[in-house]
Amino acid sequence: MTFTFRPLDPLRDAELLHSWVTHPKAAYWMMQDASLVDVERAYMEVAADPHHHALLGLDEDGTPVFLMEKYDPVHRELVGLYEPLPGDVGMHFLTPATDTPVHGFTRAVITAVMAHLFDDPAVERVVVEPDVANTAVHALNEAVGFVAAREIEKPEKRALLSFCTRGRFLAATGVAA
């Protein structure tokens with residue numbers, strides 16, 4: 001599977017995003033009760049933030065098939081919760097619920113997201129902080145080279161702080177970035 005990326009447009013993409021983030025299978029995204037306006041506002045804030053970026057992953061036909069966010073952990077999400085290193089970038093990704101799952105799709109998505117992040121030569125390490133209860137994403141993270149460091153307490157959740165270096169990503173996936 002090959003994916004491309006484009007910046008998310010908070011107004012144009014809000015309806016699609018709303019359908020993704022409010023679905024019961026997206027519970028860990030913590031937007032279950034969000035209205036369409038709430039989603040627009042949340043992603044307008046992201047678009048205006050120089051330290052947080054939202055991108056849509058597109059399939060070969062140019063259809064949006066997942067969401068990724070990257071952020072600077074020096075300024076967002078993890079401030080005061082760990083010692084950031086130069087070259088750290090934070091990441092979130094969301095694959096929408098589907099009635100017709102494709103085997104290997106989510107793993108292909110996280111691999112593409114990681115390769116995209118490591119395409120930036122300034123990125124040395126990717127940092128994630130999924131909910132400790134989200135065992136499915138822990139397994140995916142491990143499959144692409146993440147190593148769990150410790151649990152941390154965030155305002156909205158208890159999270160598993162994990163890191164993946166460029167070398168660990170290459171060793172886990174064989175994808176040079």
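Refer to the structure printed above.
Described below are features of the structure shown in this document. Computed from a predicted structure; not experimentally measured. (Residues numbered from 1 in each chain as written. Predicted model: local features only at pLDDT ≥ 70, side-chain atom pairs only at ≥ 80, totals over all residues. Heavy atoms only, no water.)

## Quick word on the pairing of strand β7 (residues 158-165)
Logical step 1: Burial runs high along β7: 6 of the 8 residues are buried.
Logical step 2: Judged from the 4 bridges that link them, strand β5 (residues 125-128) and β7 form a sheet pairing that is antiparallel. Counterpart to Val127 in the pairing with β7 is Phe163.
Logical step 3: As paired elements, strand β6 (residues 147-153) and β7 share 6 bridges and run antiparallel to each other. Residue pairing across strands places Glu153 opposite Arg158, the latter belonging to β7.
Logical step 4: The turn linking β6 back onto β7 is made up of 4 residues. (Buried < 20%, exposed > 50% of the residue type's maximum accessible area, 1.4 Å probe, protein only. Helix = DSSP H or I, 4+ residues; strand = E, 2+ residues; numbered from the N terminus. Pairing = 2+ DSSP bridges.)

## Here we look at helix α2 (residues 36-48)
Residue pairs three or four apart in sequence face the same way in an α-helix, which turns once every 3.6 residues.
Logical step 1: Between the first and last C-alpha of α2 there are 18 Å, a value that for 13 residues agrees with the 18 Å anticipated at 1.5 Å per step.
Logical step 2: Restricting attention to buried positions, one finds in α2 the residues Val39, Tyr43 and Val46. Along the long axis of α2, the arc covered by the buried residues comes to 45°, so they all point the same way. More than 90 degrees from the buried face of α2, the exposed residues found are Arg41, Glu45 and Ala48.
Logical step 3: Close packing links the buried residues of α2 with α1 (14-21), β2 (52-58) and β3 (64-71). (Expected span 1.5 Å × (residues − 1). Arc of directions from axis to C-beta. Contact = heavy atoms within 4.5 Å.)

## Structural notes on the side chain of Asp88
Logical step 1: Structurally, the position occupied by Asp88 is in strand β4 (residues 88-94).
Logical step 2: One polar contact links the side chain of Asp88 to the main-chain amide nitrogen of Leu85, over a distance of 3.0 Å. (Polar contact = N/O pair within 3.5 Å; in protein donor to acceptor, adjacent residues only side chain to side chain.)

## Brief notes about the packing of helix α3 (residues 105-118) against helix α4 (residues 135-143)
Logical step 1: Viewed as axis vectors pointing N to C, α3 and α4 meet at an angle of 55°, and their least axial separation amounts to 10 Å. On the basis of the axis angle, α3 is oblique to α4. Handedness of the α3/α4 crossing: right-handed. Of the residues in α4, those touching α3 at Thr106, Arg107 and Ile110 are Leu140, Asn141 and Ala143. (Axes fitted to C-alpha atoms, helices over the stretch in contact; angles between N-to-C directions. Parallel < 35°, antiparallel > 145°, perpendicular 65-115°, else oblique. Left-handed = near helix turned anticlockwise from the far one by under 90°.)

## Quick look at the nonpolar core
Logical step 1: One finds Phe3, Met91, Phe93, Val113, Met114, Val126 and Phe146 to be the most contacted residues of the largest nonpolar core, which totals 27 residues.
Logical step 2: Among the elements of the structure, β3, β4, α3, β5 and α4 are those that each provide at least two residues to this core.
Logical step 3: Those residues in contact with Met91, other than ones at most four positions away along the chain, are Glu69, Lys70, Tyr71, Ile110, Val113, Met114, Leu117, Val126, Val127, Val128, Glu129 and Phe146.
Logical step 4: Counting residues in hydrophobic clusters, the runner-up holds 16 residues, among them Val39, Ala54, Leu67 and Leu94. (Core = buried A, V, L, I, M, F, W, Y, C linked by side-chain atoms within 4.5 Å.)

## Regarding the packing of aromatic side chains
Logical step 1: With the rule as written, the count across this model stands at 5 aromatic pairs.
Logical step 2: Considering the side-chain rings of Phe3 and Phe105, the 5.9 Å spacing of their centres and the 80° angle between planes classify their relative orientation as edge-to-face. Here Phe3 is found in the segment before β1 (4-7), whereas its partner Phe105 is found in helix α3, with 102 residues between them in sequence. This pair shows no difference in class: Phe3 is buried, exactly as Phe105 is.
Logical step 3: Taken together, a centroid distance of 5.7 Å and an interplanar angle of 80° make the contact between Phe5 and Phe66 edge-to-face. Taken together, the positions of Phe5 in strand β1 and Phe66 in strand β3 put the pair 61 residues apart, joining distant regions of the chain.
Logical step 4: By relative accessible area, which is 22% here, Phe5 ends up partly exposed.
Logical step 5: For Phe66, a relative accessible area of 0% translates into the label buried.
Logical step 6: Ring-pair connections join several aromatic residues into one group, and the members of that group are Phe3, Phe5, Phe66 and Phe105. (Phe/Tyr/Trp six-rings, centres within 6.5 Å; stacked < 30°, edge-to-face > 60°.)

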